[in-house]
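Secondary and tertiary structure notes
In case you want the letters, here they are:
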There are 2 protein chains.
Amino acid sequence: MFKVIKKYENARLGEFNTPHGTVKTPCFMNVATAGAIKGGLSAYDLKDIGCQVQLCNTYHLHLRPGDDVVRDMGGLRKFTGFDGPILTDSGGFQVFSLAKLRNIKEEGVTFASHIDGRRIFMGPEESMRIQANLGSTIAMAFDECVENPAEYSYAKKSSEMTVRWLKRCQVELERLKREEIAVNTQQLLFGINQGATYKDLRVENMKMISELELPGYAIGGLAVGEEAAVMYEIIEAVEPFMPKDRPRYLMGVGTPLNILEGVRRGVDLFDCVMPSRNARHGHLFTSQGIINISNAKYERDENPIDPECDCFACRNFSRAYIRHLQKAQEALGLRLAVIHNLRFYNKLMEDIREALDNDRFNEFYREKKDVICKRI
Amino acid sequence: MFKVIKKYENARLGEFNTPHGTVKTPCFMNVATAGAIKGGLSAYDLKDIGCQVQLCNTYHLHLRPGDDVVRDMGGLRKFTGFDGPILTDSGGFQVFSLAKLRNIKEEGVTFASHIDGRRIFMGPEESMRIQANLGSTIAMAFDECVENPAEYSYAKKSSEMTVRWLKRCQVELERLKREEIAVNTQQLLFGINQGATYKDLRVENMKMISELELPGYAIGGLAVGEEAAVMYEIIEAVEPFMPKDRPRYLMGVGTPLNILEGVRRGVDLFDCVMPSRNARHGHLFTSQGIINISNAKYERDENPIDPECDCFACRNFSRAYIRHLQKAQEALGLRLAVIHNLRFYNKLMEDIREALDNDRFNEFYREKKDVICKRI
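All values derive from a computational prediction rather than experimental measurement. (Residues numbered from 1 in each chain as written. Chains lettered and ligands numbered in written order. Predicted model: local features only at pLDDT ≥ 70, side-chain atom pairs only at ≥ 80, totals over all residues.)

In this section: the overall build of chain A. When helices and strands are counted, chain A shows 15 helices and 16 strands. Here the C-alpha atoms of chain A give a radius of gyration of 20 Å, agreeing with the 21 Å that 2.2 N^0.38 yields for 376 residues. Seen through its C-alpha atoms, chain A measures out along the principal axes to roughly 60 × 45 × 40 Å. For chain A, buried positions account for 57% of its 376 residues. Here the analysis covers contacts within chain A between residues at least 6 apart in sequence; of these, 70% occur between residues at least 24 apart. (Helix = DSSP H or I, 4+ residues; strand = E, 2+ residues; numbered from the N terminus. Rg over C-alpha atoms; globule rule 2.2 N^0.38 Å. Buried ≥ 20, exposed ≤ 12 C-beta atoms within 10 Å, placed from the backbone. Contact = placed C-beta atoms within 7 Å.)

Time to look at the relation of the copies chain A and chain B. Structural alignment of chain A on chain B gives an RMSD of 0.0 Å, achieved by rotating through 180 degrees and translating 0.0 Å along the axis. Overall, the copies show the geometry of a two-fold rotation axis. Minimal C-alpha distance to the rotation axis in chain A is attained by Gly40(A), lying at 3.5 Å. A high fraction, 100%, of the interface residues of chain A reappear at the interface in chain B, so the copies pair face to face through one surface. (Least-squares fit on C-alpha atoms with pLDDT ≥ 70 in both.)

Okay, the sheet that holds strand S2 (residues 11–18) of chain B next. All names here are of chain B. Taken together, the 3 strands give an open sheet; going across it, the order is S1-S2-S3, and neighbouring strands pair in antiparallel fashion. Every other strand in the sheet has two partners, leaving strand S1 (2–8) and strand S3 (21–25) as the edge strands with one partner each. This sheet shows a mean twist of 10 degrees between the axes of neighbouring strands, independent of strand direction. (Pairing = 2+ DSSP bridges. Axes fitted to C-alpha atoms, helices over the stretch in contact; angles between N-to-C directions.)

This brings us to the pairing of strand S9 (residues 119–122) of chain B. Judged from the 4 bridges that link them, strand S8 (residues 109–112) of chain B and S9(B) form a sheet pairing that is antiparallel. Across the sheet, the residue bridging to Phe111(B) is Ile120(B), located in S9(B).

In this section: the environment of Ala36(B). Residue and element names in this part refer to chain B. As for its position among the elements, Ala36 is in the loop between strand S4 (27–31) and helix H1 (43–49). Residue classification places Ala36 among the buried residues on the basis of 28 C-beta atoms within 10 Å. On a C-alpha basis, the gap between Ala36 and Ile293 in space is 24 Å, while along the polypeptide they are 257 residues apart.

What follows deals with helix H6 (residues 124–134) of chain A. Side chains of residues three or four places apart in an α-helix project in the same direction, reflecting 3.6 residues per turn. Residue and element names in this part refer to chain A. With 10 of 11 residues buried, H6 is to be regarded as a mostly interior element. All of the buried residues in H6 are Pro124, Glu126, Ser127, Met128, Arg129, Ile130, Gln131, Ala132, Asn133 and Leu134. Note on H6: the residue one or two positions beyond its end, Gly135, has a positive phi of about 70 degrees.

As a further point, take the packing of helix H13 (residues 319–327) of chain A against helix H14 (residues 331–357) of chain A. Residue and element names in this part refer to chain A. Taken N-terminus to C-terminus, the directions of H13 and H14 make an angle of 125 degrees; their axes are 7 Å apart at the nearest point. Accordingly, the angle class assigned to the pair H13 and H14 is oblique. With respect to the hand of their crossing, H13 and H14 are arranged in left-handed fashion. Across from Ile322, Leu325 and Gln326 in H13, the residues of H14 making contact are Leu332, Gly333, Leu336 and Ala337. The class makeup of the residues in the contact of H13 with H14 is 5 nonpolar, 2 polar and no charged. (Parallel < 35°, antiparallel > 145°, perpendicular 65-115°, else oblique. Left-handed = near helix turned anticlockwise from the far one by under 90°. Nonpolar A, V, L, I, M, F, W, Y, C, P; charged D, E, K, R; others polar.)

Residues and elements named next belong to chain A. The domain architecture assigned to chain A consists of domain 1 (2–272) and domain 2 (287–369). The C-alpha-based centres of domain 1 and domain 2 are spaced at 27 Å. For the side of domain 1 that touches domain 2, the elements supplying multiple residues, two or more each, are strand S1 (2–8), strand S2 (11–18), strand S4 (27–31), helix H1 (43–49) and helix H10 (256–264). Of the residues forming the side of domain 1 that touches domain 2, the biggest block, 6 residues, is contributed by H10. Here the residues of the side of domain 1 that touches domain 2 sort into 15 nonpolar, 4 polar and 6 charged. (Domains from an automatic or database assignment.)

Before going further, it helps to examine the nonpolar core. Burial of nonpolar side chains together is a common tendency in soluble globular proteins. Ranked by internal contacts, the top residues of the largest apolar core, which has 215 residues, are Phe190(A) and Phe190(B). Residues contacting Phe190(B), with those up to four places away along its chain left out, are Ile138(B), Met140(B), Ala141(B), Leu214(B), Pro215(B), Gly216(B), Tyr217(B), Ala218(B) and Tyr249(B). (Core = buried A, V, L, I, M, F, W, Y, C linked by C-beta atoms within 7 Å.)

Once that is clear, we can look at unusual backbone geometry. Residue and element names in this part refer to chain A. The amide bond that connects Thr25 to the next residue, Pro26, takes the cis arrangement and shows omega of 0 degrees. With omega at 10 degrees, the peptide bond leading from Arg64 into Pro65 counts as cis. Within the secondary structure layout, Pro65 lies in the loop between helix H2 (58–63) and helix H3 (67–72). Phi angles above zero are rare outside glycine, and Ala196 is one such case at about 50 degrees. Among the secondary structure elements, Ala196 is positioned in the loop between strand S11 (188–193) and helix H8 (199–210). For Ala196, a count of 22 C-beta atoms within 10 Å corresponds to the buried category.

What follows is about the sheet that holds strand S5 (residues 54–56) of chain A. Residue and element names in this part refer to chain A. With parallel pairing, 8 strands are arranged side by side around a closed barrel as S4-S5-S6-S10-S11-S12-S13-S14. Taking each pair of neighbouring strands and ignoring which way they run, the sheet shows an average axis angle of 30 degrees. Pairing between S11 and strand S12 (residues 216–219): 4 bridges, direction parallel. The partner of Asn193 across the bridge, within S12, is Ile219.

Each partner contributes to the interface: chain A provides 33 residues, whereas chain B provides 33 residues. Taken together, the elements giving at least two residues each to the side of chain A that touches chain B come down to H3, helix H4 (76–80), H13 and H14 of chain A. When residues of the side of chain A that touches chain B are assigned to their parent elements, the largest contribution, 5 residues, is made by H13(A). Classifying every residue of the side of chain A that touches chain B by side-chain character gives 15 nonpolar, 9 polar and 9 charged.

This part is about the confidence of the model for chain A. Should pLDDT be low for a region, the predicted coordinates there are not to be read in detail. In the predicted model, chain A carries a mean pLDDT of 96, and 99% of its residues have values of at least 70. Among the prediction metrics, the complex's ipTM stands at 0.97, with pTM recorded as 0.97. (pLDDT = per-residue confidence, 0-100.)

Structure representation (structure tokens):
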């Protein structure tokens, strides 16, 4: 199902054959929280951006419109019109970051919806049932997402519970598929490595979950708050214990530089809201560094955001126009900015794959690493 | 420049040859206030919607980004990427509806910007200079837009002043074109008929402005508040005095039924923010009447908004998905709703033209008039 085509030190050029199409890796997955990318992008814009995988959020879709509605509409791919692979997260991260009044037990988590405050229970089985209704290509295991820094003893207990939860996820998803309750009876389950910032816990956890022979493995809980250096160290510690023949997904990461560093350390899949969040603030990624389109110097600038970019915004509109739209709070301003930033991320992955294919990833890394996140 | 191809009683099928392309009339012009349609639509979406003329607001663009910026960027067509004809209003309507602390004199109006409160003076010459900078295809005369109901004596004075203002507009725009200050040296000026709801004032005003032999004439000041019946009566009173060989534009109107009734009475051009404003509230026009997409009955509805519609939203997405996006306040929900409503308006005009061409406008009118604005 997953094939490493080429390696360059730890970096991997790969192909991940899913029931809904082949994903070339390294790959950035584009976040469509409630079934649509922020800024008014549709599945058709995603195609134009070069998006291979759409990521949707289980927690949001469970609350609204309800996963039963999505199931009745034929699953997320039919509902959103995106015909490629879709990954759904488990809801765990949102339960631990957005929801209120949490109560965590071995069975699962009781929490209050951030929309209307109603009490909801979600455990491994519930998460699998919701994701089975959503009909995604890849379902993520339900995990406790511990906030860093965490106490060692808490992190240990939590990561052990997450392993037990993962086993329950595996059993439940198999049942849902076998009994044809799942919209997608070929749905894949990825396990998630946890253990906070403790290398020994991370390694121990990774060893345990790798035994379950899942179709993919993620490193979770690293996108929130800790230093990039800590994140890189943990990837380096865990990576040797990740199955070589399965895709590896670094959840919620990150800046273009984080991604380059992740690829160098053997990661294949990424996702992050940064491209759309930065777009909202007028921070646009370019081949020369990050520009702030609100800056007065772009008032009469006839150039596209990035002359090297081939996105819809850069093909058709000037910095001056996009700056005006952002200042006037016209929805088109955000839309063009999001399209551009997402295209930047997807094009970065294309360039990384090309560099790997041409055995020049290190040169590429050196050329890009200082410029890619520089504010200009 | 304007040619009536066919008449059906008072209704006219026509062709308006502008320096920036031919407009088939009757035509609905699509409102891109600050240089972009609300909901995140670009000039390229407008093409897909079948938009012939983009309408931009002088007042908004003068304040932001500034008409000098637009001029330096090559004018509105280049700035926004819309390569068809663009009409700019005069700023008058916004000065009288949005701006605060107005002081009206023979010279013009002093007012406070609704953005930052700064004092601005705008008279006929200023409006022409701004519109010359914007480089629109059609500039509208600067008029006083009197609120209805108005005192007879005030309406009389105001409509007489508006005639004097129109003459000043004509002189100033000729100068700006002759001296090649105008971005578009072939810019056309439309006069605006005023006179509140008094037929004698309207007729007298129309007689006076028709003598100026302008390339087009508008009926202004009728979209705000008064009964549709009053509006129709005034159109009927004024129409016989409008030049037969010039396009006629009913400003800011209206519902699909208003448009049908306007066409019947000899109007060629329309504009209105209703399609996008209704879209914001989930009110979507269909061939069966107006639906509210938020309605619970559409929760699992796999049909497009209108099975008879060929817009991007109807070609690709279900009512259930669009309803979900609207409820979740996803920008894509508004975008799809605006695309649909604007396509509905533009398609209505295509159907009107076809009915006129096939000598069956009255049948078309009778088929549509009861269904077109019905809430279902």
